[in-house]
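Notes for the structure review
Each chain, letter by letter, is given below.
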Amino acid sequence: MLVGSAAAALAIPAGAGAATKITVLSNRADLVSGKSALVRIHVPARSGGSEPALRLNGASIHPRLQRSGGGFIGLVKGLHRGRNELTATLPDGSGASLRVIDHPNGGPVFSGPQLQPWTCEDGARNAKCDKRPTFSYLYKSTDSNKKDLQPYDPANPPGDVATTTTENGKTVPFIVRLETGYENRDQYKIATLFEPGKPWSALHPQPQFNHKLLVTHGASCDIDYEVGNAPSVTKFNPADLLGLPVGIPTGALADGAQYALGKGFVVMSTALDNSGHNCNVVTQAESVLSAKEHVIERYGRLKFTIGTGCSGGSLAQQWIANAYPGIYQGILPTCSFPDAWSSATQVMDYHLLRTYLEDPSRWGSGIAWSPTQFAPVEGSVAHVNAIASDLGFFDAIVPTHNCGGISDAQRYDPQYNPDGVRCSIADAAINIFGPQPKKRWGPIERSLGRGFAGVGVDNVGVQYGLEALRNLQITPAQFVDLNAKIGGLSIDIQPTKKRIQADRPALRRAYRSGMINEANNLDRTAIIDCRGPDPGAAHDSYRAFAMRDRLDRENGTHANQSIWEGPTLIIGDTKCNQTSLAAMNDWLAAVRRDHSSRPLAAKIIADKPADAGDQCWSGIGVRLTSGLCPPGIVPVYGTPRTVAGDALTTDTNKCQLKPLRRSDYTATFSDAEWATLQATFPKGVCDFSKPGVDQRPTVPWQTYQDAHGQVIYGGEPMGRPPHSKPF
């Protein structure tokens, strides 16, 4: 399902048919916000090109209309909250009507009830954090010592303004206007080449605009209960988000945002698309969609939209593109994660393994572990990867950790403040996961009369260290002791002797919502993944191939995904942020020129440029070969789950079980050790040859609220958007 102008850009052009037709270009007709919508009115040839009369909710309106092909385009303002009826009537009395549903500028649109409490920015006009946008200017200097864009004062212009020639052949001063505003209770930023003093509207944009959009994303994965800062739209390289990798000089990093601006792109971001501020696929998609609507209505129609970002920015792109296909036409994940919640099992496993392996007091009598044995159990090159992952990501699921916007007095504490705000990414996504069923409530939940959010991670039946045992890297005694004692986590993410069981239906909803990215809708998006080696920084190179394997499993091919490798840590190549954008631009332009009747997924594969496939780069911007780099340049390690037998797809968050059988092991266990294994796995061990429990495809375009704004836990499909009806 494509949305807004993306449908016109990459699908069959509108305009066929003899009846009058109204189409919302800036969004789905039932998802618009902010009291306006850019619409197209197609009129039949028999009308002689007469301009239709428009009425909104029965009242005559007179927006400025521009002729376009077989009809007119105009910005309709003054929509009422909720349902609106827009009609277009021709002089002969025929016409069409369209139902348009408007939502608050501050949201929600389809994400359901919003987080509370929420702290707005200073100067907000209401509890939805609405505030008039502000505008500032920057410029690129002809002075090569001034690397970044510099402040620009239109009333006192500097004399060292560089020029740029956009891809549509317009040579203009390299002056950028930065718009900063607020939607969905949070900040957005929009940057574009702009000539001060000259007008710009959606119908008449300044000529340097190439009608393309680049969306930048932030890093990490966490949650805040306050307005944040949208990622930069004027200086952007994925490596900057993580801190510069060792050995990479600042000047070597290509700036993708500045490159895009110079070519004529609009560059946009929202605070809610920053996973470190909001790690929730639904609210991220809603925020990007609303801001994209604003771009279309204020700056002009789009040919296509590209996402870019590293780490948490990569997971934002990939799970939005799968759960809400059509928001992006192409994505550029770097140091990629497919999603947060299949990765959560790895983060949990590292935490549990560290607790056991680093504390000899937990080992059984006669058991000794060498530090060199840790990594074979963890599936990585070194134990430092587990440490980096645990320190970097684990707190996001802990309800007592310090999250933005919540004071110590407000935050949940199981003993002193059980009714406080739970600062976990699971509880912040309760609309998706739903509360725990009553039968699983603990004492605190029973006292409160409500369940905390369910969690879709599980380690029942997981045989930690299985491959290491088979490879004689650990002893049978170590294997038995580890699995008997590793335990699990409580609803408060505290260690338990029992292993953790995934909450149901939260597990099923994690798959349905796309919080676990099954890639079944991702074949409609072009992907170039920039990937470098990771010797222990918790941004494992296997994840690009995990996504590749999911694409193969779900769609029978990964031809819509390219992996660009190189030796630079994590990012592969210092110029990949720019070179991959240029290649994606060419790829999507080719798709847009394809007016054949074949499906979009087939077009993306058929129209892929020959030089956009898998590649190996030098690390400093020189393409060396087509195809992946030779083995050893970007080593692919595994995870504790792949060591336990899981496939590289690593999206089996709860495994199906098979009987524990001695004949399945090459190792020899004593009778006492076997009895311990039987007690550890009373219902059996993981059978990774079968799909995971409750594993199912992601359902695209779900809403988590009904017509009255009440929550729909787990979501339901929106269905087809409203279509105009002729009369």
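Overview of the structure. (Residues numbered from 1 in each chain as written. Predicted model: local features only at pLDDT ≥ 70, side-chain atom pairs only at ≥ 80, totals over all residues. Heavy atoms only, no water.)

1. A closer look at the layout of surface pockets
- Its boundaries defined by the atoms lining it, the largest pocket holds a volume of some 940 Å³.
- Forming the boundary of the largest pocket are 40 residues, of which Gly34, Ser36, His294, Glu297 and Arg298 lie nearest the centre.
- At five residues, helix α4 (residues 281–298) tops the list of elements feeding residues into the lining of the largest pocket.
- The residue inventory of the lining of the largest pocket, partitioned by class, reads 14 nonpolar, 10 polar and 16 charged. (1 Å grid on protein atoms, 1.4 Å probe; cavity = no way out; pocket = protein on both sides within 12 Å on 5 of 7 lines; lining within 4 Å. Points joined across faces, edges and corners; volume = space filled by probe spheres on them. Helix = DSSP H or I, 4+ residues; strand = E, 2+ residues; numbered from the N terminus. Nonpolar A, V, L, I, M, F, W, Y, C, P; charged D, E, K, R; others polar.)

2. Thoughts on the packing of aromatic side chains
- Under the definition given, this model contains 17 aromatic pairs.
- Taking 5.8 Å as the distance between ring centres and 80° as the angle between the ring planes, the aromatic pair formed by phenylalanine 337 and phenylalanine 393 counts as edge-to-face. Here phenylalanine 337, found in the loop between β19 (330–334) and α6 (343–357), pairs with phenylalanine 393, found in helix α8 (residues 384–393); they are 56 residues apart in sequence, far enough to count as distant.
- By relative accessible area, which is 6% here, phenylalanine 337 ends up buried.
- What makes phenylalanine 393 buried here is its relative accessible area of 17%.
- In textbook terms, an aromatic cluster arises when at least three aromatic residues are bridged by ring pairs, as seen for Tyr137, Phe194, Trp200, Phe209 and Tyr299. (Phe/Tyr/Trp six-rings, centres within 6.5 Å; stacked < 30°, edge-to-face > 60°. Buried < 20%, exposed > 50% of the residue type's maximum accessible area, 1.4 Å probe, protein only.)

3. Concerning the packing of helix α3 (residues 256–263) against helix α15 (residues 576–593)
- Running from N to C, α3 and α15 point in directions that differ by 35°, and their axes come no closer than 8 Å. Every pair of crossing elements has a handedness; the one defined by α3 and α15 is right-handed. Residues Gly256, Tyr259 and Ala260 of α3 touch α15, and the partners they reach there are Asn577, Gln578, Leu581 and Ala582.
- Here the residues of the contact of α3 with α15 are counted per class, giving four nonpolar, three polar and no charged. (Axes fitted to C-alpha atoms, helices over the stretch in contact; angles between N-to-C directions. Left-handed = near helix turned anticlockwise from the far one by under 90°. Contact = heavy atoms within 4.5 Å.)

4. Points about the side chain of aspartate 273
- For aspartate 273, the position within the fold is in the loop between β17 (266–270) and α4.
- No salt bridge is formed by the buried aspartate 273; its nearest oppositely charged neighbour, lysine 189, is found at 10 Å. (Lys, Arg positive; Asp, Glu negative; His and termini not counted. Salt bridge = Lys/Arg side-chain N within 4 Å of Asp/Glu carboxyl O.)

5. Topic: the sheet that holds strand β3 (residues 36–42)
- With antiparallel pairing, the four strands of this open sheet are ordered in space as β1-β3-β7-β6. Lying at the two open borders of the sheet, with one neighbouring strand each, are β1 (21–24) and β6 (65–68). For this sheet, the mean inter-axis angle between neighbouring strands, taken without regard to orientation, is 25°.
- Pairing analysis gives seven bridges linking β3 to strand β7 (residues 71–77), with the strands arranged antiparallel. (Pairing = 2+ DSSP bridges.)

6. A short note on the sheet that holds strand β11 (residues 150–151)
- Spatially, β11-β10-β14-β15-β17-β16-β18-β19-β22-β23-β24-β25 is the arrangement adopted by the 12 strands of the open sheet, whose pairing is mixed. Single-partner strands in this sheet number two, and they are β11 and β25 (623–626).
- Strand contacts of α4: β14 (175–183), β15 (186–193), β16 (212–216), β17 and β18 (304–310), with the helix running at about 145° to β17, the strand carrying the most contacts.

7. With respect to the state of the cysteines
- Going through the model one piece at a time under the given rule, you end up with seven disulfides.
- The partner cysteine of cysteine 310 in its disulfide is cysteine 335, sulfur to sulfur 1.6 Å. Taken together, the residues cysteine 310 in strand β18 and cysteine 335 in the loop between β19 and α6 connect sequence positions 25 residues apart. The pair formed by cysteine 310 and cysteine 335 is uniform in burial state, with each residue classed as buried.
- Sulfur-sulfur distance for the disulfide between cysteine 616 and cysteine 629 comes to 2.1 Å. (Disulfide = S-S within 2.5 Å.)

8. Some points on the nonpolar core
- Ranked by internal contacts, the top residues of the largest apolar core, which has 124 residues, are Trp319, Tyr324, Trp341 and Trp369.
- Each residue touching tryptophan 319, except ones within four places of it in the same chain, is listed here: Cys279, Asn280, Val281, Gln284, Pro338, Asp339, Ala340, Trp341, Gly514, Met515 and Asn517.
- Grouped together as the second largest cluster of nonpolar side chains are 34 residues, Ala526, Ile528, Val591 and Leu600 included. (Core = buried A, V, L, I, M, F, W, Y, C linked by side-chain atoms within 4.5 Å.)

9. Describing the pattern of salt bridges
- Enumeration over the complete set of coordinates arrives at 30 salt bridges.
- The residue aspartate 160 makes a salt bridge to lysine 146 at a minimum N-O spacing of 3.2 Å. Of this pair, aspartate 160 sits in the loop between β11 and β12 (163–165) while lysine 146 is found in the loop between β10 (134–139) and β11, placing the two residues 14 residues apart along the sequence.
- Classification of lysine 146 by relative accessible area gives partly exposed; the value is 33%.
- The residue glutamate 518 makes a salt bridge to arginine 553 at a minimum N-O spacing of 3.2 Å. Residue glutamate 518 is found in the loop between α13 (506–513) and β22 (526–531), and its partner arginine 553 is found in helix α14 (residues 542–555); the two are separated by 35 residues along the sequence.

10. Details of the pairing of β19
- With five of its five residues buried, β19 lies for the most part within the structure.
- Side chains Gly330, Leu332 and Thr334 of β19 all project onto a buried face; the interleaved residues Ile331 and Pro333 project onto the opposite face, where all are buried too.
- In terms of strand pairing, β18 meets β19 through five bridges, oriented parallel. Bridge pairing links glycine 309 to proline 333 in β19.
- Handedness of the crossover joining β18 and β19 through helix α5 (residues 312–323) is recorded here as right-handed.
- Sheet topology places β19 next to β22; three bridges connect them, and they run parallel. Bridge pairing links threonine 334 to cysteine 530 in β22. (Right-handed = clockwise from strand over helix to strand, strands pointing away.)

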